[in-house]
Amino acid sequence: FTFVLCYVVLAVAVSTATKSSTMFGLAIGACVTVGGNAIGAVSGGSLNPAVSFGITTVDLFNGGGVVMAVLYTLAEMAGAGLAAGVFKVTHAVDLDDDGKRLAEQA
């Protein structure tokens, strides 16, 4: 889920080639809605590692552990990193020959 959300945000809000000035909220909101529905049964709909750590902290009082929250956070970070890497490869048109963003030159 994190990969999809990060990639969509980068594509509709950051990229000069694919930026949308009107529908970016719909695209991002759709990703959050679909993600929440898709993983709701797995993680309780927690799409944010900070929320997961809050739930885990409360669960510690009931004898729970922290391991799953750490693994979940690492998976979220890996998904975000992968999305950034794929975005950099697929949106190379946003860069000039020196590797600088075209928007920075204006």
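Residues numbered from 1 in each chain as written. Predicted model: local features only at pLDDT ≥ 70, side-chain atom pairs only at ≥ 80, totals over all residues. Heavy atoms only, no water.

This paragraph deals with the packing of helix H3 (residues 49-60) against helix H4 (residues 67-90). Viewed as axis vectors pointing N to C, H3 and H4 meet at an angle of 180°, and their least axial separation amounts to 10 Å. On the basis of the axis angle, H3 is roughly antiparallel to H4. Counted together, Pro49, Ser52, Phe53 and Thr56 of H3 and Ala69, Val70, Tyr72, Thr73 and Glu76 of H4 form the full contact between these two elements. A breakdown of the residues in the contact of H3 with H4 according to their chemical character gives five nonpolar, three polar and one charged. (Axes fitted to C-alpha atoms, helices over the stretch in contact; angles between N-to-C directions. Helix = DSSP H or I, 4+ residues; strand = E, 2+ residues; numbered from the N terminus. Parallel < 35°, antiparallel > 145°, perpendicular 65-115°, else oblique. Contact = heavy atoms within 4.5 Å. Nonpolar A, V, L, I, M, F, W, Y, C, P; charged D, E, K, R; others polar.)

Next up on the list: a nonpolar patch on the surface. Taken together, the side chains of Phe53, Leu60, Val66, Val67, Met68, Val70, Leu71 and Leu74 define a hydrophobic patch exposed on the protein surface, amounting to about 720 Å² of accessible area. Looking at the nonpolar patch, the elements that each hand over two or more residues are H3 and H4. The element contributing the most residues to the nonpolar patch is H4, with five residues. Note on placement: Val67 falls in helix H4. The class for Val67 is exposed, based on a relative accessible area of 58%. (Patch = residues over 30% accessible without salt bridge, like charges linked within 9 Å, V, L, I, M, F, W, Y side chains within 5 Å. Areas by Shrake-Rupley, 256 points an atom, 1.4 Å probe, with all protein chains shown as cover. Salt bridge = Lys/Arg side-chain N within 4 Å of Asp/Glu carboxyl O. Buried < 20%, exposed > 50% of the residue type's maximum accessible area, 1.4 Å probe, protein only.)

Function-wise, these values are silent; they only describe arrangement.
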